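Letter by letter, the chains look like this.
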Amino acid sequence: MKRGRVTVAIIAALACAGCDNREDSAAAPGSESAVLETRMERLTASLGDAKPGASQDEPIARWLLPASLAELSGLALTPDGRLFAHNDEVARITEIDYRRGTVIKQFFVGQLRGDFEGLTCAGDRFYLLSSDGTLYEFREGADGERVAYAEHKTGLGKECEFEGVAYDAKADALVLACKNARAKHRGNLVLYRYRLGGNGEEPSELTVPHSEVIGKNNWKQLRPTDITVDPSNGNYVLVAAQEKALVEVTPAGGVVLSRPLGARHPQSEAVAITKDHILIVGDESNRTAATITLYRWQ
């Protein structure tokens, strides 16, 4: 993908395990590069110090996001490992260096406004999802650019209110997560696979009973707020803000993991997993600034 003019803005850091339990102060003029390299060294050291059986519940880094991402609604990783985020109502796409805690650039998808609930990347194209199942396809833009887009009507809005989309490379399909299912699917986790280049092929459907997904957790249901694909095994990993849940299922619907996210995630609206096993959970603003939090992934 093309890289645009780079504008680096340092994000505030929160103290966390693996960060020597201290905050970074504001960078003095001319010292930004030293701050960024220190952050990178800390993160690398935290990952390298992981021992077999080490807790995956302790963050290795946590970044406060700028006001433009207060309504963070999705995260996406490109094939070359860069992280992008979007907010809810304006189609503004932000590149974040999650290892150093910086905003690299922002660009816009046309003049789009709406209820945007997920972002993913397939090859050199991004896909932005609206809550009614409409997909917007576009290329990466330079800093400040407005890029053209193509609109894809999935026709699935009558089935679900959607939150979250991910690219399943093995199936060459976008996986759409249903937050609120209509009557016929109530009581189930519902995912739709929308084939790219499917020549009008109907999306396939995956349903998993809530009873299986919830397991021993004290949840009445599961309402996903984002989804990603684990690059190491192809499984689907979801977060749910209201249940404060983290769930992993296979593409066939087998439940691998179902556990609470914890109190540090008041409004988990975004998730991504890197190729080097870092789980990134994004929370929109809820009395405090929006954040992304990094964990070791199994």
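Residues numbered from 1 in each chain as written. Predicted model: local features only at pLDDT ≥ 70, side-chain atom pairs only at ≥ 80, totals over all residues. Heavy atoms only, no water.

**Notes on the environment of H152**
Tracing the sequence through the fold places H152 in strand β11 (residues 149–152). Separated by 17 residues in sequence, H152 and L135 have C-alpha atoms that sit 5.0 Å apart. Setting aside residues up to four positions removed in sequence, H152 forms contacts with Y127, G133, T134, L135, E137 and Y194. Engagement of the side chain of H152 in a polar contact is seen with the side chain of E137, the distance being 2.7 Å. (Helix = DSSP H or I, 4+ residues; strand = E, 2+ residues; numbered from the N terminus. Contact = heavy atoms within 4.5 Å. Polar contact = N/O pair within 3.5 Å; in protein donor to acceptor, adjacent residues only side chain to side chain.)

**Thoughts on the pattern of salt bridges**
Applying the stated rule across the entire model yields 14 salt bridges. Across the pair D57 and R259 runs a salt bridge, and its minimum N-O distance is 3.2 Å. Taken together, the positions of D57 in the loop between α1 (32–48) and β2 (61–64) and R259 in strand β19 (residues 255–260) put the pair 202 residues apart, joining distant regions of the chain. On the accessibility criterion, D57 (42% relative accessible area) is partly exposed. Note that E159 is salt-bridged to K184, the shortest N-O span being 3.7 Å. (Salt bridge = Lys/Arg side-chain N within 4 Å of Asp/Glu carboxyl O. Buried < 20%, exposed > 50% of the residue type's maximum accessible area, 1.4 Å probe, protein only.)

**Considering the nonpolar core**
L72, L75, L83, Y98, I280, I292 and L294 are the most contacted members of the largest nonpolar core, which totals 20 residues. Every element with two or more residues in this core is listed here: β2, β3 (72–77), β4 (83–87), β20 (268–273), β21 (278–283) and β22 (291–296). Those residues in contact with I280, other than ones at most four positions away along the chain, are L75, L83, Y98, A270, V271, A272, T274, I292, T293 and L294. Core analysis: the second largest hydrophobic core is formed by 19 residues, L206, V208, V213 and L238 among them. (Core = buried A, V, L, I, M, F, W, Y, C linked by side-chain atoms within 4.5 Å.)

**Describing the pairing of β3**
Counting buried residues in β3 gives six out of six residues, a clear majority hidden from the surface. Strand direction decides the pairing type here: β3 and β4, joined by five bridges, are antiparallel. Following the sheet pairing, L72 is matched in β4 by N87. Linkage of β3 to β4, two consecutive antiparallel strands, is achieved through a turn of five residues, within which G81 is found at a positive phi near 90°. (Pairing = 2+ DSSP bridges.)

**What to know about the state of the cysteines**
For the structure on display, the rule yields one disulfide. Between the sulfur atoms of C160 and its disulfide mate C178 the distance is 2.1 Å. Given an S-S torsion of about -100°, the disulfide between C160 and C178 has left-handed geometry. Separated by 18 residues along the polypeptide, C160 in strand β12 (residues 160–168) and C178 in strand β13 (residues 173–181) bring together distant segments of the chain. (Disulfide = S-S within 2.5 Å.)

**Re the side chain of Q106**
Tracing the backbone through its elements, the reader meets Q106 in strand β6 (residues 102–113). For Q106, the side chain forms a polar contact with the side chain of S68, separated by 3.0 Å. Looking at Q106, its side chain comes within polar contact range of the side chain of T94, at 3.0 Å. Apart from the residues lying within four places of it in its own chain, the contact partners of Q106 are S68, R92, I93, T94, A142, D143, G144 and E145.

**Brief notes about the packing of aromatic side chains**
Evaluation of the coordinates by the stated rule reveals eight aromatic pairs. Geometrically, the ring pair formed by F84 and F126 is edge-to-face, given 5.0 Å between the ring centres and 65° between the ring planes. With F84 in strand β4 and F126 in strand β8 (residues 125–130), the pair connects residues that are 42 residues apart, well separated along the chain. Taken individually, F84 and F126 each receive the classification buried, so the pair is uniform in this respect. (Phe/Tyr/Trp six-rings, centres within 6.5 Å; stacked < 30°, edge-to-face > 60°.)

**Some details on the environment of L176**
Tracing the backbone shows L176 in strand β13. What makes L176 buried here is its relative accessible area of 0%. For L176 and G118, which are 58 residues apart along the polypeptide, the C-alpha to C-alpha distance reads 8.7 Å. Once residues within four sequence positions are removed from consideration, L176 is found in contact with L129, G133, L156, F162, G164, V165, V190, L191, Y192 and Y194.

**Thoughts on the sheet that holds strand β17 (residues 236–240)**
The antiparallel open sheet is built from four strands, whose spatial order is β16-β17-β18-β19. Either end of the sheet is taken by a strand with one partner, and the two such strands are β16 (226–229) and β19. On average, adjacent strands in this sheet sit at an angle of 15° to one another, irrespective of strand direction. By the bridge criterion, five bridges tie β17 to strand β18 (residues 245–249) in an arrangement that is antiparallel. Counterpart to A240 in the pairing with β18 is A245. (Axes fitted to C-alpha atoms, helices over the stretch in contact; angles between N-to-C directions.)

**What to know about the sheet that holds strand β15 (residues 204–209)**
As summarised here, the arrangement of the four strands in space is β12-β13-β14-β15, forming an open sheet in which the pairing is antiparallel. Looking at the sheet topology across the chains shown, the edges are occupied by β12 and β15. Shown here is a sheet whose adjacent strand axes are inclined to one another by a mean of 25°, direction ignored. Bridging between β12 and β13 involves seven bridges; their strand directions are antiparallel. Bridge pairing in β13 links E161 to N180.

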